[in-house]
Amino acid sequence: MEENDWKLLRIVEISMKNHEWVPIQDLKRKTGFHEKELAFRISRLNKFRFTNKSNYGYRLSHYGYDALAMNAFIKKELITGIGGKVGVGKEGNVYHVLLTNTREAVLKLHILGRTCFSMGKRYREYLANKRHISWLYASRLTAEREFNILSHLFPIVKVPEPIEQNRHALIIGKLHGEELKRVDVEKLDVNPEELFMKIIKEVKKAYSLGFIHGDLSEFNVLINSEGDFLIIDWPQAIEVGKKGKVDKLPFEEVEYDEEFYLKRDLENLLRYFKKYGVDESLDKLYNYVIEK
Ligand SMILES: Nc1ncnc2c1ncn2[C@@H]1O[C@H](COP(=O)(O)OP(=O)(O)OP(=O)(O)O)[C@@H](O)[C@H]1O
Ligand SMILES: [Mg+2]
Ligand SMILES: [Mg+2]
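This text gives an overview of the structure that appears in the document. Quantities reported herein were computed from a predicted structural model and do not represent experimental measurements.

Close to ligand 1 lie 18 residues, the nearest being Asn93, Lys108, Gly173, Glu179 and Asp233. In this structure, Lys108 approaches ligand 1 through a side-chain N or O atom, which is 2.7 Å from an oxygen atom. Separating a nitrogen atom of ligand 1 from a backbone N or O atom of Gly173 is a distance of 2.7 Å. When contributions to the shell around ligand 1 are tallied by element, the ones reaching two or more residues are β5 (104-109) and β7 (169-173). By residue class, the composition of the shell around ligand 1 is nine nonpolar, three polar and six charged. A domain-level breakdown of the shell around ligand 1 finds at least three residues from each of domain 2 (77-173) and domain 3 (178-290).

Below you can see the structure in the form of structure tokens.
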């Protein structure tokens, strides 16, 4: 990719605000390229599959959007390399990255704004009116939201460090560990009862800072062999009484049943730890989490 390729790609991206397919005349006008140069650059972007072509013009592809975000991180001299996918048999939106300061971190790409379905009806209605930018807009919004939530919680709550965000991509701190689901808690250096209460304490801290995870389970707790853990995967988190104020959605906000979501999170943890002999009452835990 050369500078003019990036220039054209960014112009396609910006033009997606007004077009589902960007007409070639628009690209010609906005880039100021001569016809031959434009044709050459377009064919390169298509070859890389960073854009798609139709009779109506050109549009940005998911690969193109990924490339723009990666290029931004590289230009900022933040990352020097991208490694393989984290975990096995995953949908494939989390990768190992190496930061310029040689530290290992994790790159999470939000695709298609999957979590927007948990963000309420009005949000979906808003996006429905803007169908052609919806995936760009929704995936960026989701990444921004997760980054903002992590920024509110880190380092008080055991969550990944938010390092950088661009478009739909997040760079966050990495824990060399595995999902709780995939480890045998009895083989860890910590006893199950103790670990369970440690996790509940983090839930309580998050709550006191204004957030309910909303998708908490043994799949979203990472743990290493020493028993250090992180609670991950926050884009759908619910703001308690809107104390967190991270939502920048351009319409009135949705009311959530906070008790329902918090209890569901706690129930998931209880269910998982039951087989390790943990037996607590849901109401007792709930009251512990919400009490000041
Ligand atoms: N900070 C991290 N350090 C190490 N591994 C991580 C980190 N964040 C995520 N992972 C790995 O990537 C997986 C997916 O991350 P995460 O749960 O945030 O994304 P997701 O796409 O929302 O997943 P899901 O489909 O489970 O909702 C995790 O289950 C974990 O294996
Ligand atoms: Mg997850
Ligand atoms: Mg998730």
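Moving on to the coordination of the magnesium ion (ligand 3). On the protein side, the magnesium ion (ligand 3) has Asp233 (OD) and Asp233 (OD) as donor atoms, found 2.1 to 2.6 Å from it. The metal-metal distance between the magnesium ion (ligand 3) and the magnesium ion (ligand 2) is 3.8 Å, with Asp233 coordinating both.

With that out of the way, let us pick up the packing of helix α7 (residues 192-208) against helix α8 (residues 258-274). The geometry of α7 relative to α8 is characterised by a closest axis approach of 11 Å and an angle of 170 degrees between their N-to-C directions. Put simply, α7 runs roughly antiparallel to α8. Residue-level inspection shows Pro192, Leu195, Phe196, Ile199, Ile200, Val203 and Tyr207 of α7 in contact with α8, the latter providing Leu262, Leu266, Leu269, Leu270 and Phe273. By residue class, the composition of the contact of α7 with α8 is twelve nonpolar, no polar and no charged.

With five of its five residues buried, β7 lies for the most part within the structure. Summarising the sheet, β5 and β7 pair through five bridges and their orientation is antiparallel. Bridge pairing in β7 links Ala105 to Gly173. In terms of strand pairing, strand β6 (residues 162-166) meets β7 through four bridges, oriented antiparallel.

Criteria and thresholds
- Residues numbered from 1 in each chain as written.
- Chains lettered and ligands numbered in written order.
- Predicted model: local features only at pLDDT ≥ 70, side-chain atom pairs only at ≥ 80, totals over all residues.
- Heavy atoms only, no water.
- Near = heavy atom within 4 Å.
- Polar contact = N/O pair within 3.5 Å; in protein donor to acceptor, adjacent residues only side chain to side chain.
- Helix = DSSP H or I, 4+ residues; strand = E, 2+ residues; numbered from the N terminus.
- Nonpolar A, V, L, I, M, F, W, Y, C, P; charged D, E, K, R; others polar.
- Domains from an automatic or database assignment.
- Donors = N, O, S within 2.8 Å, 3.2 Å for Na, K, Ca; no water.
- Axes fitted to C-alpha atoms, helices over the stretch in contact; angles between N-to-C directions.
- Parallel < 35°, antiparallel > 145°, perpendicular 65-115°, else oblique.
- Contact = heavy atoms within 4.5 Å.
- Buried < 20%, exposed > 50% of the residue type's maximum accessible area, 1.4 Å probe, protein only.
- Pairing = 2+ DSSP bridges.

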